[in-house]
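Next come the chains, spelled out residue by residue.
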Amino acid sequence: MLYLHDGQNVFDAATSFSGVEWSVDETAERLIKDSLIEPLIIVAVANTGEERIHEYAPTRGVIDAKAKRKKRSKGLARKYGHFLIDELKPYIDRKYRTNPDAEFTGLGGSSLGGLVTLAIGIFSPHAFSRLMVMSPSIWWDNFAIYRLIESIEQKPPLKIWLDTGTAEPGWEQARELVKRLVEKGWKLPKDLQYTEAQSADHSEAAWAARVEPALRFLFPRAK
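Residues numbered from 1 in each chain as written. Predicted model: local features only at pLDDT ≥ 70, side-chain atom pairs only at ≥ 80, totals over all residues. Heavy atoms only, no water.

## What about the packing of aromatic side chains?
What counts here: Whether two aromatic rings pair depends on their centres lying within 6.5 Å, for rings of Phe, Tyr and Trp, where Trp uses its six-membered ring; planes under 30 degrees apart make the pair stacked, over 60 edge-to-face, and the rest tilted. To qualify as a helix, a DSSP run of H or I must reach at least 4 residues; to qualify as a strand, a run of E must reach at least 2; elements of each kind are numbered from the N terminus. Using a 1.4 Å probe on the protein chains alone, a residue whose accessible area is under 20% of its type maximum counts as buried, one over 50% counts as exposed, and one in between counts as partly exposed.
Per the counting criterion, the structure on display carries seven aromatic pairs. Between the aromatic rings of Tyr3 and Phe128, the centroid separation amounts to 6.1 Å while the plane-to-plane angle is 75°, which identifies the pairing as edge-to-face. Here the residue Tyr3 occupies a position in strand β1 (residues 2-4), and Phe128 occupies one in the loop between α4 (112-123) and β4 (130-134), the gap between them amounting to 125 residues. Tyr3 gets classed as buried once you look at its relative accessible area, which sits at 2%. Centre to centre, the rings of Phe143 and Tyr146 are 5.3 Å apart; their planes meet at 5°, and the pair counts as stacked. Here Phe143 pairs with Tyr146, and both are found in helix α5 (residues 140-150), just three residues apart, close to one helical turn.

Encoded structure:
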């Protein structure tokens, strides 16, 4: 099982924010057919449009630091996580032939969706163990994600794909994120895979290009 945020962008260009989709369905079907990944069900969870920044924000950070009036996010990531774990996942597990255990369940997204993926994974490793973290918004709330990682007392059993594009502003922050994860016990490339996509920008097309290696790392075919 793999749950992906910003569901409008995952399967269909017609509903995508930028008119470009991730083509996750075509990529996954090809990899499954070629026996390169385990068969899996992918659930695209649509965002709530104007409320997206609130549901994906792990803390009540300032939305636009340059604005005269500093508007803060509601920081609803934990609430959103409870929706995934307590409402959506049980429904999917009832309706489809899934293995509901965390060991077989993944979560993924990009930008703020990447940030909330890592945050929910750390909050709830009992529900999700395979994380696809693409171009996460590490800068959010003065690098709140660094503080969250620092608070980890015992490394949870999370397998993490983390990437960034070298044409993204502040992409070097991902290297610092990797360093902090390694300090907490993750091991490259066993349970942490880090990729710097050369000249890749912060876009749906860039993330679509990295879906295949991410799926192959997170859901490899059992030998």
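## Observations concerning the side chain of Thr117
Applicable threshold: Within 3.5 Å is the distance limit for a polar contact, defined as a pair of N or O atoms, with the added protein rule that one can donate a hydrogen and the other accept it, and that residues adjacent in sequence qualify only through two side-chain atoms. Should any heavy atoms of two residues lie within 4.5 Å, those residues are considered in contact.
Along the chain, Thr117 turns up in helix α4. Within polar-contact distance, the side chain of Thr117 engages the side chain of His5 at 3.0 Å. Polar contacts involving the side chain of Thr117 include one to the main-chain carbonyl oxygen of Gly113, which spans 2.7 Å. With sequence-adjacent residues up to four places away left out, Thr117 is seen in contact with His5, Leu107, Gly108, Gly109, Leu131, Met132 and Val133.

## Here's the deal with the pairing of strand β6 (residues 192-197)
In plain terms, the rule: Two strands are counted as paired when DSSP detects at least two bridges linking them. Crossover handedness is defined here as right-handed if the route from the first strand over the helix to the second strand goes clockwise, with the strands pointing away from the viewer.
Pairing between strand β5 (residues 159-165) and β6: six bridges, direction parallel. Counterpart to Thr164 in the pairing with β6 is Glu196. Crossover β5 to β6 through helix α6 (residues 173-183) is right-handed.

## Regarding the packing of α4 against α5
For clarity, the cut-off: To obtain an axis, a line is fitted to C-alpha atoms, over the contacting stretch when the element is a helix, and the angle between two such axes runs from 0 to 180 degrees between their N-to-C directions. Should an angle fall under 35 degrees it is called roughly parallel, over 145 degrees roughly antiparallel, and 65 to 115 degrees roughly perpendicular, with every other angle called oblique. Here a crossing is taken to be left-handed if its near helix is turned anticlockwise relative to the far helix by less than a right angle, and right-handed if that turn runs clockwise. Gly is put with the polar residues, along with every residue not named as nonpolar or charged; the nonpolar set is Ala, Val, Leu, Ile, Met, Phe, Trp, Tyr, Cys and Pro, and the charged set is Asp, Glu, Lys and Arg.
For the pair α4 and α5, interaxial distance at closest approach is 10 Å and the crossing angle is 30°. Here α4 is positioned roughly parallel relative to α5, judged by the angle of their axes. For the pair α4 and α5, the sense of crossing is left-handed. Here α4 contributes Leu112, Leu115, Leu118, Ala119, Ile122 and Phe123 to the contact with α5, which in turn contributes Trp140, Ile145, Leu148 and Ile149. Grouping the amino acids of the contact of α4 with α5 by side-chain chemistry returns 10 nonpolar, no polar and no charged.

## A look at the nonpolar core
This is how the line gets drawn: Put simply, buried Ala, Val, Leu, Ile, Met, Phe, Trp, Tyr and Cys residues joined by side-chain atoms within 4.5 Å make one nonpolar core.
Core analysis: the biggest nonpolar cluster contains 41 residues, and Tyr3, Leu118, Phe128, Ile145, Ile160, Leu162 and Leu177 have the highest contact counts within it. Listing elements by their share of this core, those giving two or more residues are α3 (77-95), α4, β4, α5, β5, α6 and β6. Counting residues per element, this core draws most heavily on α4, which supplies seven residues. When neighbours within four sequence positions are excluded, Phe128 is seen to be in contact with Tyr3, Leu84, Ile85, Ala102, Thr105, Gly106, Leu107, Ile120 and Leu158.

## What to know about unusual backbone geometry
Residue Pro189 follows Leu188 across a cis peptide bond; omega there is -10°. Note on placement: Pro189 falls in the loop between α6 and β6. In this structure, Ser35 takes a positive phi of about 60° despite not being glycine. Of note, Ser35 is situated in the loop between α1 (24-33) and β2 (42-44). In this structure, Ser135 is a non-glycine residue whose phi angle is positive, near 40°. Mapped onto the elements, Ser135 comes out in the loop between β4 and α5.

## Some details on the environment of Leu115
With respect to the element layout, Leu115 can be found in helix α4. Each C-alpha atom, one on Leu115 and one on Tyr194, is 15 Å from the other, the two residues being 79 residues apart in sequence. Not counting residues within four places of it along the chain, the set of residues in contact with Leu115 comprises Pro58, Pro136, Ser137, Trp140 and Ile145.

## Here we look at the sheet that holds β6
Read from one edge of the open sheet, six strands run β2-β1-β3-β4-β5-β6, paired in parallel fashion. The open sheet has two free edges, formed respectively by β2 and β6, since each of these has just one partner strand. Going from strand to strand, the sheet's axes swing by 15° on average, the running direction of each strand aside. Sheet topology places β4 next to β5; five bridges connect them, and they run parallel. Paired with Leu131 across the strands is Ile160, a residue of β5. Against the sheet, α4 touches β3 (106-110), β4 and β5, its axis set at about 150° to β3.

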